[in-house]
Structures are given as C-alpha cells and as structure tokens.
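# A closer look at the structure
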Amino acid sequence: MLDEEGFDLWADSYDESVRLSEEKKEYPFAGYRDVLGVVYRRVRRQGGARILDIGFGTGTLSSRLYADGCQITGLDFSEKMIRNARKKMPKAELILWDFSQGLPEGLKNRKFDDIISTYALHHMADAKKAALLRMLWGLLEPGGQILVGDISFRTRCERVACREKNRGIWDSSEYYFTVEEFFRRLKGLPCTYEAIPPCAGILTIARKP
C-alpha cells in the first residue's frame, strides 16, 4: 500500500495510470469513469452545494462539482496531490490530513449536503472504513448522502475470482470490501450498493430529509 511519500511520487502520473487501466478495462480501474459519472450525476441531481470529498487526489471529480458552483472541502494526505488539485480548484478548502486517523477537529461540527469518496477508502481496513463512515454520517444535513465509489465486490466469491484473474498485479495490501461482509459493519445505517463490473461499485448511505 502506498504511503504519503508514495502518493506524492505518483501524483504527476496518477491520472494517466488510471486512464490506461480504465481504457483496457483492467483491474484496478476498470469502470472508473462510470463510477465517477454516477457519483457526479447523483450529487448534481441532489442539488448539493456543500460537498466534502474524502481522498480527493488530483481533484478529477471534485473539480467538476467545483466548476458547477459547489463549495468543496476536501481531505487528502498527499501534499503534491493537493497542489495539483488546487490548480483546478483555487478557492476550495483543501486540507492535508490522513483520514485513516478519523476527522480533523475543525470538521467535526460542520455539516455538508453530500459527502463523496472515490478510490480512496480501499487503503483502510474495513473496521476503520466503517468507523469513518459512521463519523461522516453525523456530518450530513437532512436529505444528504454519502457516496463511496471504489474497488469493491458484491460477494467474497467475486473478489476471489478477480484476484485469481489478476494474480500478477493484485495488490494484497489493500482492503476491497464485499457487500455481504461490509454491510454488517454498517448495521443501523440505510445502505445500498450498485455494482459496476468487473471490480467496482458505489455504496450509498442516505439520510432522510
């Protein structure tokens, strides 16, 4: 798994690496554009103005929402990723923070219309992911939603099949959740999941108006 230094080194080539994997329809980024497209459309349909983006990277998704007039607050632990994203979103609130450690104090009493995270939470073990999502749930305004688009699977069998197919490049240091296991950790939260084959999906946790 990459650490902060690794992501800093990867920052300049990140978007190109994603593009090549996505175009070849190969793990790990097969379906990447579909995932970001669905998240984008749901946020825009919701009319969210205040958006929190967890692990925004180079700002591929959040910069589109920023251009639409949304107020973007973002967390990322790579200084170089933040510098690249700031070029696209000069007035966004971009915070250097390791979200695997929870939330910075300055965010804990804030409210957001929508909270998004794409291709970031798979760097955290499922227990930590679930704990973070429960914290984020408390930041949602009524009618808001958490949207997590990431490498994920409906069942353990699907995850094993993907690992076997991609044995030479599979990253065993990362934590790809399966719905059948992860939803148990989110008991009590209103969760739904949309699979985007072959190796991605979108977890939605929506708060009632």
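Parameters and conventions
Residues numbered from 1 in each chain as written. Predicted model: local features only at pLDDT ≥ 70, side-chain atom pairs only at ≥ 80, totals over all residues. Heavy atoms only, no water. Buried < 20%, exposed > 50% of the residue type's maximum accessible area, 1.4 Å probe, protein only. Helix = DSSP H or I, 4+ residues; strand = E, 2+ residues; numbered from the N terminus. Pairing = 2+ DSSP bridges. Right-handed = clockwise from strand over helix to strand, strands pointing away. Salt bridge = Lys/Arg side-chain N within 4 Å of Asp/Glu carboxyl O. 1 Å grid on protein atoms, 1.4 Å probe; cavity = no way out; pocket = protein on both sides within 12 Å on 5 of 7 lines; lining within 4 Å. Points joined across faces, edges and corners; volume = space filled by probe spheres on them. Nonpolar A, V, L, I, M, F, W, Y, C, P; charged D, E, K, R; others polar. Contact = heavy atoms within 4.5 Å.

### Overview of the pairing of strand 4 (residues 112-118)
In terms of burial, strand 4 is largely enclosed, as 6 of its 7 residues are buried. One ladder, built from 3 bridges, connects strand 1 (residues 50-54) with strand 4; its direction is parallel. When the sheet's bridge partners are listed, aspartate 53 is paired in strand 4 with isoleucine 116. Across 6 bridges, the pairing between strand 4 and strand 5 (residues 140-153) is parallel. Looking at the pairing, serine 117 lines up with valine 148 of strand 5. Regarding topology, helix 6 (residues 126-137) serves as the crossover connection from strand 4 to the parallel strand 5, and that connection is right-handed.

### Things to note about the pattern of salt bridges
What the rule picks out here adds up to 12 salt bridges. Close ionic contact of glutamate 105 with lysine 108 constitutes a salt bridge, the shortest N to O distance being 2.9 Å. Measuring nitrogen to oxygen at the nearest pair gives 2.6 Å for the salt bridge that ties glutamate 181 to arginine 156. You can see glutamate 181 sitting in helix 8 (residues 179-185) and its partner arginine 156 sitting in helix 7 (residues 156-165), a full 25 residues away along the chain. Since its relative accessible area comes to 18%, glutamate 181 is described here as buried. Residues joined in a network through salt bridges with shared partners are Arg50, Asp113 and Glu141.

### Side note on empty space enclosed by the protein
Applying the stated criterion to the full structure yields 1 cavity of 30 Å³ or more. Size it by volume and the largest cavity reaches roughly 40 Å³. For the lining of the largest cavity, the secondary structure elements donating two or more residues are helix 6 and strand 5. Counting residues per element, the lining of the largest cavity draws most heavily on strand 5, which supplies 3 residues. Of the residues belonging to the lining of the largest cavity, the class tally is 8 nonpolar, 1 polar and 2 charged.

### Thoughts on the side chain of threonine 178
As for its placement among the helices and strands, threonine 178 is situated in strand 6 (residues 177-178). Among the residues examined, threonine 178 registers a relative accessible area of 0% and is labelled buried. Aside from chain neighbours lying at most four places away, what touches threonine 178 is Phe153, Arg154, Thr155, Arg156 and Arg159.

### Considerations on the layout of surface pockets
Put simply, the second largest pocket is a space of about 150 Å³. Along the walls of the second largest pocket sit Arg156, Arg159, Val160, Arg163, Trp170, Asp171, Ser172, Glu174, Tyr175 and Tyr176, which together make up its complete lining. Looking at the lining of the second largest pocket residue by residue, the classes come out as 4 nonpolar, 1 polar and 5 charged.

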